[in-house]
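# Structural overview
Here's the letter readout for the chains.
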Amino acid sequence: MQTRYVPLETLMHIAEAMPHEARGAFLLSMQTGVRITDALSARACDFDAGGFYHYIAKKTGKAGRAPVTQDFIMEYVSGHDGDAYIFPSPQRRKNAPLTRQAVFLNIKAACARLGLDPTGIAPHTARKAFAVDLFHREGLGKTMHALQHRDAATTLLYALSDDSTPELMRRLDRLEAAVKQLQDDVEKLFDAVFGDEVYTLKSDLPDFNKEKSP
């Protein structure tokens, strides 16, 4: 399904209405931008003393690390053995993580409890909200790096999903106008300072187009 953009504040309300393990996985994706499958694979040993989550993206095989809050560490990581999944499934075999489907169903149930339209809200919505927030705070380069994207176009599909494109285009138009004005001002200044000198230099140059006298 195609997910839609939902502000982080709204996603926080949804997360608060979810069961503990599903909420934690959703929060980890919101805080780091990792795909929900990578969030669900998190083990206690994947978090270092500095508060970074180290992971290997299942989709791309790329290694990455991302910061998480101390509150998250205290609630979801502390107390787990090193190899233990921090979001264990209560219904599967021992030491198995929660499934993506379980998170999906819990998101839908939370939306129903909160009276929110669940259309387009799914586990991947957290990654999209993370991208929009980071793009507006830190720019395109850092957002590409955090999402592990190869090209800017893919990142922009996420980063501009909050309908900020019209405002971005207005900013680009204003920037283009400012650059054009700066160019005009530089040309006028150049003419004012060097205009006569350039003309003199040009008049002193030999005209190679004239035929030489016999």
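First things first, this report covers the structure right here in the doc. Quick caveat, the model's predicted, so the values are computed rather than measured.

## Regarding unusual backbone geometry
Positive phi, normally seen in glycine, also occurs at Gln 148, with a value near 60°. Along the chain, the position of Gln 148 falls in the loop between α7 (140-147) and α8 (152-159).

## Some thoughts on the packing of aromatic side chains
The full count for this structure, using the stated rule, is six aromatic pairs. Look at Phe 47 and Tyr 53: their rings are 4.8 Å apart centre to centre, the planes differ by 20°, and that puts the pair in the stacked class. Overall, the relative accessible area of 10% leaves Phe 47 in the buried class. Of the residues examined, Tyr 53 reaches a relative accessible area of 2% and is grouped as buried. In textbook terms, an aromatic cluster arises when at least three aromatic residues are bridged by ring pairs, as seen for Phe 47, Tyr 53, Tyr 55, Phe 72, Tyr 76 and Phe 87.

## Some words on the pairing of strand β2 (residues 63-67)
Residues Gly 64 and Ala 66 line the buried face of β2, whereas the alternating positions Ala 63, Arg 65 and Pro 67 sit on a face that is not buried. Examined bridge by bridge, strand β1 (residues 52-56) and β2 share five bridges and lie antiparallel to one another. By the bridge assignment for β2, His 54 is matched with Arg 65. Here β1 folds back onto β2 in antiparallel fashion, the turn holding six residues, of which Gly 61 has a positive phi close to 80°.

## Some remarks on the nonpolar core
Counting residues in each nonpolar core, the largest one holds 37 residues, and the members touching the most others are Ile 14, Phe 26, Leu 28, Phe 47, Phe 72 and Val 103. Elements with a contribution of two residues or more to this core: α1 (8-16), α2 (20-32), α3 (36-40), β1, α4 (70-77), α5 (100-114) and α6 (124-138). If you tally residues by element for this core, the top one is α2, at six residues. Discounting residues that sit within four places of it in the chain, Ile 14 has contacts with Phe 26, Ile 107, Ala 110, Cys 111, Leu 114, Leu 116 and Ile 121.

## Quick look at the layout of surface pockets
Computed from the structure, the largest pocket encloses a volume of approximately 470 Å³. Taken together, 21 residues make up the lining of the largest pocket; nearest its centre are Gln 31, Thr 32, Ala 66, Pro 67 and Phe 130. At the level of elements, α1, α2, β2, α6 and α7 are the ones that each hand at least two residues to the lining of the largest pocket. Considered class by class, the residues forming the lining of the largest pocket number 11 nonpolar, five polar and five charged.

## Side note on the pattern of salt bridges
Counting across every chain of the model gives four salt bridges. The shortest N-O distance in the salt bridge between Glu 138 and Lys 142 comes to 3.4 Å. Connected through shared salt-bridge partners, Asp 133, Arg 137, Glu 138 and Lys 142 make up one network.

## Things to note about α4
Taken together, the buried positions of α4 are occupied by Phe 72, Ile 73, Tyr 76 and Val 77. The buried residues of α4 all sit within an arc of 100° when viewed along its axis, so they share a single face. Among the exposed residues of α4, those oriented more than 90 degrees off its buried face are Gln 70, Asp 71 and Met 74. Backbone geometry just after α4 places Gly 79 at a positive phi near 95°.

What counts, and where the lines are drawn
- Residues numbered from 1 in each chain as written.
- Predicted model: local features only at pLDDT ≥ 70, side-chain atom pairs only at ≥ 80, totals over all residues.
- Heavy atoms only, no water.
- Helix = DSSP H or I, 4+ residues; strand = E, 2+ residues; numbered from the N terminus.
- Phe/Tyr/Trp six-rings, centres within 6.5 Å; stacked < 30°, edge-to-face > 60°.
- Buried < 20%, exposed > 50% of the residue type's maximum accessible area, 1.4 Å probe, protein only.
- Pairing = 2+ DSSP bridges.
- Core = buried A, V, L, I, M, F, W, Y, C linked by side-chain atoms within 4.5 Å.
- Contact = heavy atoms within 4.5 Å.
- 1 Å grid on protein atoms, 1.4 Å probe; cavity = no way out; pocket = protein on both sides within 12 Å on 5 of 7 lines; lining within 4 Å.
- Points joined across faces, edges and corners; volume = space filled by probe spheres on them.
- Nonpolar A, V, L, I, M, F, W, Y, C, P; charged D, E, K, R; others polar.
- Salt bridge = Lys/Arg side-chain N within 4 Å of Asp/Glu carboxyl O.
- Arc of directions from axis to C-beta.

These results come straight from atomic positions and should not be treated as a statement about function.
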